[in-house]
Structure formats: structure tokens, C-alpha cells
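# Report on the structure
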Amino acid sequence: MKTFSKLGDQKLLQELNRTLVLNTIHHYGSTSRIEISKLTKLSQSTVSNVVDGLQKEGILVEAGTGSSTKAGGRKPTILTIRPGYAYMLAVGIVTEAFHITVQLSLFDLRLQIVEKTELELAETGVELIRSIKDIVREFIEHHAEKKILGIGFSVPTVLNREGVMFRGHLLGLENFPLEQELSAAFPTIPVVVEQEQHAAVLGERTMGAVKDIENLIYITVGRGIGSSMIVNGQLVRGEYGGAGEIGHMSINKYGEKCICGKMGCLRLYATELSFIKKIKEAVTHELPVPLTVYNPAIDKINVLEVYTEAVRGDSFCRSLVEGMLDDLCTAISNLVYLFNPKKIILGGNLLLAKELAIPRIAERLNEMVDSPASMIEIEAAQLGTQSSLYGVASLLLDKHFLNKDLLMKEGG
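Residues numbered from 1 in each chain as written. Predicted model: local features only at pLDDT ≥ 70, side-chain atom pairs only at ≥ 80, totals over all residues. Heavy atoms only, no water.

### A closer look at the sheet that holds strand β8 (residues 158–159)
Here three strands make up an open sheet; going across it, the order is β8-β9-β10 and the pairing antiparallel. Bordering the open sheet on either side are β8 and β10 (176–177), each of which pairs with just one other strand. The pairing of β8 with strand β9 (residues 164–166) spans two bridges and is classified as antiparallel. Pairing of L159 across the sheet is with M165, part of β9. (Pairing = 2+ DSSP bridges. Helix = DSSP H or I, 4+ residues; strand = E, 2+ residues; numbered from the N terminus.)

### What about the side chain of S227?
Relative to the helices and strands, S227 is located in strand β13 (residues 225–231). You can call S227 buried: its relative accessible area is 0%. At a separation of 2.9 Å, a polar atom in the side chain of S227 contacts the main-chain carbonyl oxygen of G244. Apart from residues lying up to four places away in sequence, S227 is in contact with Q197, H198, Y218, I219, A243, G244, I246 and L335. (Buried < 20%, exposed > 50% of the residue type's maximum accessible area, 1.4 Å probe, protein only. Polar contact = N/O pair within 3.5 Å; in protein donor to acceptor, adjacent residues only side chain to side chain. Contact = heavy atoms within 4.5 Å.)

### Things to note about unusual backbone geometry
For D299, which is not a glycine, the phi torsion comes out positive at approximately 50°. Looking at the element boundaries, D299 is found in the loop between β15 (294–295) and β16 (300–301). For D299, a relative accessible area of 58% puts it in the exposed group. Not every positive phi belongs to a glycine, and N403 is a case in point at roughly 55°. As for its position among the elements, N403 is in the loop between α11 (387–400) and α12 (404–411). For N403, a relative accessible area of 22% corresponds to the partly exposed category.

### Structural notes on the state of the cysteines
Within this structure, the stated rule accounts for zero disulfides. Cysteine C265 is unpaired, with the sulfur of C260 as its nearest cysteine sulfur at 3.6 Å. Counting only cysteine sulfurs, C329 is the nearest neighbor of C317, a cysteine outside any disulfide, at a range of 20 Å. Given the relative accessible area of 0%, C317 is considered buried. (Disulfide = S-S within 2.5 Å.)

### Examining the pattern of salt bridges
It is possible for side chains bearing opposite charge to pair when their charged atoms get close. Overall, the coordinates contain 20 salt bridges when judged by the stated rule. Across the pair E127 and R130 runs a salt bridge whose closest N-O atoms are separated by 2.4 Å. One end of the pair is E127 and the other is R130, both in helix α4 (residues 125–142) and three residues apart, which spans about a single turn. Accessibility expressed as a relative area gives 41% for E127, which makes it partly exposed. Put simply, R364 and E367 hold a salt bridge, and the shortest N to O gap is 3.4 Å. One end of the pair is R364 and the other is E367, both in helix α10 (residues 354–368) and three residues apart, which spans about a single turn. We classify E367 as exposed; its relative accessible area is 54%. Through salt bridges with shared partners, a single network forms among R318, E322, D326, R360, E363, R364 and E367. (Salt bridge = Lys/Arg side-chain N within 4 Å of Asp/Glu carboxyl O.)

Next comes the structure, spelled out in C-alpha cells:
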């Protein structure tokens with residue numbers, strides 16, 4: 001058993017006890033001092049000292065009384081974390097067909113969104129990053145009275161362990177030190193940067209319906225495509241952060257040339273790029289296209305309407321979505337063989353046509369996969385297009401409020 005004798009060790013013990021009590025209350029939502037003592041194996045006096053300190057800081061508040069024991073006596077006071085003690089700011093950078101959307105959501109300590117906003121930007125490259133910094137600064141200034149624990153950024157590109165972007169073509173950035181740049185812009189607030197698909201699967205694991213699923217695949221489809229895998233309860237990142245970059249998986253060696261230089265990359269067939277190409281071809285050949293999808297008066301394509309019209313039954317849009325899904329299933333079948341998941345979670349703009357997507361993918365996988373594909377559950381992301389925001393918010397909560405790194409370090 002580890003002993004704590006030196007002053008430094010005593011401080012570590014106090015911090016560990018504080019972290020243990022805080023995590024216990026957070027896990028159960030609300031509980032009493034005596035229950036905390038039973039759950040953590042800490043003495044009641046230690047628990048009381050920790051709780052008193054947390055109450056003085058304004059972190060814990062009383063939430064009524066519990067039931068008395070069989071032996072009778074005073075009813076225990078129930079304690080809970082004050083959700084408005086501090087907040088996490090989540091920033092999602094989302095690439096759409098013809099612009100970039102910046103999502104900002106402010107989360108309380110219960111991971112509930114208390115305010116959110118979205119803006120569309122036309123910039124790319126360093127100008128995009130400059131604009132995002134300005135937007136975040138303005139948002140923080142608007143909430144100057146609130147304690148911001150940290151800022152989490154979800155980005156649609158590969159990040160290495162140092163937070164350097166590569167394959168950032170959707171944002172007009174290559175080999176860009178994103179985490180370093182953002183941390184320098186907000187020196188007094190902790191910054192976390194995470195890949196969109198990884199953040200999304202973490203969000204679903206934290207707040208969605210897959211909390212206890214040990215093996216799953218998350219796939220996001222929209223302007224781009226990406227996947228993230230949980231294997232035996234652990235997120236798979238790979239050596240250089242590129243695990244799950246299925247957009248550059250070649251599915252047709254005789255196909256079109258991708259911007260990466262290879263032929264037939266999945267992103268050319270199983271993203272909204274395929275919609276845009278086929279809509280332009282249809283317009284050129286004067287084939288009927290719904291006005292909601294293509295407005296000839298202003299020569300404008302609305303890609304998101306393809307999903308809506310497909311669900312409504314438009315034959316042209318339905319063929320676009322089904323064609324995309326069939327090509328997507330080629331990649332999914334490979335992932336199924338590699339990772340043997342219990343569940344596949346679908347995210348991104350594809351959720352706009354989930355009524356078509358889920359049964360179509362299930363049908364195609366049954367045709368393509370020899371293993372019992374019928375046992376694999378295919379579901380829509382419960383958090384919708386907000387999954388990655390919840391993911392980066394949960395990372396901030398774990399690291400800068402619950403201090404879970406300390407628990408894992410001492411427990412390991």
C-alpha cells in the first residue's frame with residue numbers, strides 16, 4: 001500500500017482525496033457524505049473536510065435530504081455539484097460544401113448546453129484561423145462574468161500528437177501547428193484540440209447511447225468523411241493520429257484522381273463531392289433537378305437539400321444518396337472485418353437522411369460481409385451534429401475540473 005509521509009506527498013494525498021470525492025459526486029449526480037465514505041473507502045472525517053472545502057469554493061451545494069437509515073437518526077444531507085460554478089467552451093469547425101461553419105457551445109458542469117451559436121465563414125488558411133480566434137474572443141468577452149475552464153476545438157483534419165494539422169486541405173492548411181497557435185492566442189485559458197470524428201465518438205460515449213459499448217465504429221459523412229474506432233474500450237488513434245482516415249482509402253484504382261494524388265479515394269464517391277459532381281452533370285444535360293437542390297436563376301447548389309428531397313421521395317436525389325451509401329458500404333465492410341464492432345454509429349450531414357441510410361447500410365452489409373452482419377447494430381448518433389462539441393467539452397471537464405488524469409496515474 002502506498003504511504004504518504006513527506007509534505008509533498010501529503011499535498012498529493014489531499015489533492016487525490018479531493019479528486020476522488022469530486023468524481024464520486026459527479027458520477028452519481030448527487031449523494032451524501034456517508035455514501036461518499038462508503039464508495040471511496042475514505043474516512044468520514046476526511047470526506048467532511050474535503051466537502052467543506054468544496055462548499056466554501058462554491059463547487060458543491062446542498063440538494064435536500066436523503067432517507068434515514070433503518071436505525072433511524074438524522075437524515076443525511078444530499079450534495080451535488082453546482083452546474084454554473086464553471087463552464088467549458090466547445091468550438092466546432094465544420095466544412096460544408098461551399099463554406100465553413102463555426103459552432104460555439106457553452107457547457108455547464110453537467111455537460112448541458114447553456115448557449116450556442118453558429119457562423120458561416122468563407123475564409124480558408126491562416127485567415128480562417130484568425131477569424132476563428134476573433135469569434136472566440138468575442139464570445140468569451142460576452143461571458144466575462146463566467147469562469148471558463150477551457151476551450152475545446154473540434155477540427156475536420158488529422159492531428160498528430162503535438163496538435164499539428166496535416167491533410168488539412170478542406171481548411172486550406174497543411175502542416176499547421178494548430179494547437180500551438182490557439183494556445184498562444186488564449187494564454188490564460190487551457191486549450192484542447194481534437195479531431196472531429198474522435199471528439200464525436202467521445203461525445204457519444206459520454207452522453208449518448210453507447211456508454212457501455214466496448215467495440216464500435218463511428219462514421220461521419222458530409223463535405224468530407226472520417227471514422228473513429230473504439231476497440232476494447234479504447235480510442236484508436238494510431239502512431240501519427242491518422243487512424244480512421246478512410247476518406248483516402250482507395251475503392252477504385254481506375255477511378256478519378258484525388259487531391260492526394262491517388263486514384264479512386266472514397267471521399268470522391270461517399271461524400272457530398274459526389275452530389276455536386278452529379279448535380280452539375282444533370283444540369284449540363286438538362287435533366288430534371290429539384291429547385292430546392294439547384295436554383296438556375298442564381299446558379300446555386302444547395303447540397304443539404306439532396307438529403308431532404310431523397311427522404312421525400314425525389315428519384316434523382318434518392319439515387320444520389322443511395323449511390324453514396326453503396327460506395328460507403330465498401331469501406332464499412334472493410335472496417336467490420338478489421339475491427340469486429342458491436343455497433344456502427346452514423347454522424348454528420350448523413351443524419352438528414354437517416355431513414356434511408358440505416359436500412360440501406362444494413363442491407364448492403366448483409367450482402368457484403370460473411371460474418372454475422374445482422375448482429376451489428378447500426379444507429380444514428382444520438383447527439384446528432386453536436387457529438388464532437390460534447391466530446392471536446394467532456395475532455396475539458398475530465399482534465400481541468402475532475403482531474404481524472406490524477407486518478408488514472410495513481411490507480412495505474
